[in-house]
Amino acid sequence: MSVSKVIALPLAVLFVNVVNAKTLNLTQENTVHTAVELNNQSSIVKKEKIIHINPEILTTNLLALDKLKIQLFDGIQVIVNKKHVVDNGASTSFQPSEISGTQVSSLWMGAVDSEPNSKVILAISPESVSGKIEVMGRTFFIRYLEGQQLIREMKQGTTNVAKMLDETREQAVFKLVNQERAARNLHKYNYDSKLAKSSRLHSEDMAQNNYFSHTSRDGRSPFERMKAQGYQHGYAAENIAAGSSNAEGTMEQWMNSSGHRASILSKNYCDIGVGYAYNSNNRYRHLWTQNFGKLRGTNTCQSKPDPDPTPNPDPTPNPDPGNNKFKPVKNKLNVCLGTTSNSSANGARINASRCSNSKSQQWELDSKGLLHPANAPDKCLQMPQWWKGTNRAVIGQCNAQQLNQRWQLVDGRIQNLAYRMVYLKHFTKYGDWVGIWTKDDSKGQQWQFK
């Protein structure tokens, strides 16, 4: 059994213009072109080579690294411009009896200006580099495995999980883990609902109570939490992470850490569960947990069909009482939820104002959890895009597959189904507006369908 953790501090996401900015080569000159191709028999890997990372990359101040030159296959070289850097904390991996290593990673993210759909995510530590490069319709991965740095090109059509929605973070991590395993010709992990619940509950507990540890506040270990959900493991492990807002960035951090990588690529486990939670009041904001296991008495892992693409602990939201008819939604400040200036356009802001008979203040919460305004019944209340720096709710096109568009009424509060830590709230500071917030006792967070 093993556990490992990684921390990424969100407050250190820096958008900077550094005076002493510089450009470096990711690899030593010409090593990609001259490297011998490895014999990787994976059905999803097109080509793989050993490379030599430029040692200056491992020790440089990434905030001052303005551009990266990256050599790829077939003589391709791209210059990547920095978009932002996430400065990360310590990552430890340990067995019950000994600490086996400590590693510090940072995320460097950028794009190629001449390629509008390009994306580069690199996890860089003093020991190694892991990363993903999407450019010119091709996908490459940098990996550190068995003491060697590799560059790997994926076959087209095998990395579509990169096009992931925010509300499927847990499922995205699951798919990315199995993509890593497939690239190494390892058996696929099965998604286990019991491990998913133990993972999610631990992420939510850490998010709600502002701590980061494999040990719960009540003293339970990961293995006790798994058993509490009915998963009787023979082998088990846990990875946790904090700070990174998306599945791809978190996976690159885990893949650049020996302890996390060992669990992701282990032959000892059959099952996995993933849990994600968000709390704006938590110092890390984003909390992640992976639980791995092999049931007691299991000799050989048997592959099972993948679960629903949007696993949801509450698949059927609590409906609006009253047969889902359009009705005012009023809070304890005696104002009603509405769309700004009766607008029915995509992106129209949600506000709270004195109640009236206007259709812009009539709402229907349907059986899927979509909340429609009567003046634009084909539109739905959207989750504020807090990851882009805004906390104002708007209306937009309805999509029941996006869990962050779905809501439910819980104890007089309107809870988001993707981020069950947050609720719809009417704010009165800087005007009357509506966004999301973690659970509190304010009257602006307590709603009733009239």
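Since we're looking at a predicted model, the values are computed, not measured.

Turning our attention to the overall build of the protein chain. Looking only at helices and strands, one finds 7 helices and 26 strands in the protein chain. Within the protein chain, the fraction of its 450 residues that count as buried is 56%. Pairs at least 24 apart in sequence give 64% of the contacts found in the protein chain among residues at least 6 apart. Accessible area for the protein chain stands at about 19,600 Å²; split by element, carbon and sulfur atoms hold 47% of it.

Right, let's get into the pattern of salt bridges. Within the structure shown, the criterion is met by 19 salt bridges. Ionic pairing is found between E134 and K132, a salt bridge with its closest N-O pair at 3.5 Å. A relative accessible area of 5% places K132 in the buried class. E153 is the partner of R138 in a salt bridge, and the nearest nitrogen-oxygen pair spans 2.7 Å. Linking R138 in strand β9 (residues 138-145) with E153 in strand β10 (residues 148-154), this pair joins segments that are 15 residues apart in sequence. With a relative accessible area of 16%, R138 lands in the buried category. A relative accessible area of 2% means that E153 is categorised as buried. Taken together, the salt bridges that share partners define one network made up of E48, R143, R152, E180, R184 and E252.

On to the packing of aromatic side chains. In this structure the tally under the stated criterion is 8 aromatic pairs. Aromatic pair F174 and Y191: ring centres 4.9 Å apart, planes at 75°, arrangement edge-to-face. With a gap of 17 residues between them, F174 in helix α3 (residues 169-183) and Y191 in strand β11 (residues 190-191) connect regions that are remote in the sequence. Judged by relative accessible area, F174 falls into the buried class, the value being 1%. Classification of Y191 as buried rests on a relative accessible area of 16%. These aromatic residues form a ring-pair network of at least three members: Y189, Y269 and F292. Stacked on the ring of Y189, the Lys or Arg R181 has its end atom at 3.8 Å from the ring centre.

Before going further, it helps to spend a moment on the pairing of strand β22 (residues 407-410). Burial along β22 is two-sided: the residues W407 and L409 and Q408 and V410 are all buried. Here 4 bridges tie β22 to strand β23 (residues 413-416), and the two strands are oriented antiparallel to one another. Across the sheet, L409 pairs through a bridge with I414, a residue of β23. Remark: 2 residues form the turn of the hairpin made by β22 and β23, two consecutive strands paired antiparallel; D411 in that turn has positive phi of roughly 50°.

All right, on to the nonpolar core then. Within the largest apolar cluster, 50 residues are counted, with the highest numbers of intra-cluster contacts made by L337 and W407. In terms of residue count, the dominant contributor to this core is α3 (5 residues). If you look at the next biggest cluster of nonpolar residues, it comprises 28 residues, including I51, L72, V78 and V112.

Let's shift gears to the state of the cysteines. Counted under the stated rule, the structure contains 3 disulfides. Covalent S-S linkage joins C336 and C355, the inter-sulfur distance amounting to 1.9 Å. When the S-S torsion is 90°, as for the bridge of C336 with C355, the disulfide is right-handed. With a gap of 19 residues between them, C336 in strand β16 (residues 335-339) and C355 in the loop between β17 (350-354) and β18 (363-365) connect regions that are remote in the sequence. On the accessibility criterion, C355 (32% relative accessible area) is partly exposed. Each sulfur of the disulfide joining C380 and C398 lies 2.0 Å from the other. On the sign convention where negative is left-handed, the bridge of C380 and C398, at about 100° about the S-S bond, is right-handed. Placement of C380 in strand β20 (residues 379-382) and of C398 in the loop between β21 (394-397) and β22 is noted, with a sequence separation of 18 residues between them.

Below, the discussion takes up the environment of M383. Structurally, the position occupied by M383 is in the loop between β20 and β21. Along the chain, M383 and Q402 lie 19 residues apart, while their C-alpha atoms are 10.0 Å from each other. Apart from the residues within four sequence positions on either side, M383 is in contact with N404, W407, N416, Y419, V422 and I436.

Turning our eyes to something else, we now look at α3. For α3, which comprises 15 residues, the first-to-last C-alpha distance of 21 Å matches the rise-based estimate of 21 Å (1.5 Å per residue) to within 8%. Judged by how many residues are buried, α3 sits mostly within the fold: 13 of 15 residues are covered.

Below, the discussion takes up the packing of α3 against helix α6 (residues 247-255). Contact geometry for α3 and α6: axes closest at 9 Å, N-to-C directions at 40°. Comparing the axis directions of α3 and α6 gives the class oblique. For the crossing formed where α3 meets α6, the hand is right-handed. Of the residues in α6, those touching α3 at R169, A172, V173, L176, V177 and E180 are A247, E248, M251, W254 and M255. Taken together, the residues of the contact of α3 with α6 break down into 8 nonpolar, no polar and 3 charged.

Right, let's talk about the side chain of S216 for a bit. For S216, the position within the fold is in the loop between α4 (193-209) and α5 (222-228). At 2.7 Å, the side chain of S216 forms a polar contact with the side chain of R225. The residues touching S216, leaving out its near neighbours within four places in the chain, are H202, Y211 and R225.

Under the 1.5 Å per step criterion, the end-to-end length of α4 is 24 Å for 17 residues, consistent within 8% with the ideal 24 Å. Buried within α4 are the following residues: L195, A196, S198, S199, R200, H202, S203, E204, M206 and A207. Elements in contact with the buried residues of α4: α3, β11, α5, β12 (233-242), β13 (271-278) and β14 (286-295). By the N-cap criterion, in which a side-chain oxygen at the helix start approaches the backbone nitrogen of a residue two or three places on, α4 is capped by D192, the distance to K194 being 2.9 Å. With its phi angle positive at about 55°, N210 sits one or two positions after the end of α4.

Cut-off values and rules
- Residues numbered from 1 in each chain as written.
- Predicted model: local features only at pLDDT ≥ 70, side-chain atom pairs only at ≥ 80, totals over all residues.
- Heavy atoms only, no water.
- Helix = DSSP H or I, 4+ residues; strand = E, 2+ residues; numbered from the N terminus.
- Buried < 20%, exposed > 50% of the residue type's maximum accessible area, 1.4 Å probe, protein only.
- Contact = heavy atoms within 4.5 Å.
- Areas by Shrake-Rupley, 256 points an atom, 1.4 Å probe, with all protein chains shown as cover.
- Salt bridge = Lys/Arg side-chain N within 4 Å of Asp/Glu carboxyl O.
- Phe/Tyr/Trp six-rings, centres within 6.5 Å; stacked < 30°, edge-to-face > 60°.
- Lys NZ or Arg CZ within 6 Å of the ring centre and 35° of its normal.
- Pairing = 2+ DSSP bridges.
- Core = buried A, V, L, I, M, F, W, Y, C linked by side-chain atoms within 4.5 Å.
- Disulfide = S-S within 2.5 Å.
- Expected span 1.5 Å × (residues − 1).
- Axes fitted to C-alpha atoms, helices over the stretch in contact; angles between N-to-C directions.
- Parallel < 35°, antiparallel > 145°, perpendicular 65-115°, else oblique.
- Left-handed = near helix turned anticlockwise from the far one by under 90°.
- Nonpolar A, V, L, I, M, F, W, Y, C, P; charged D, E, K, R; others polar.
- Polar contact = N/O pair within 3.5 Å; in protein donor to acceptor, adjacent residues only side chain to side chain.

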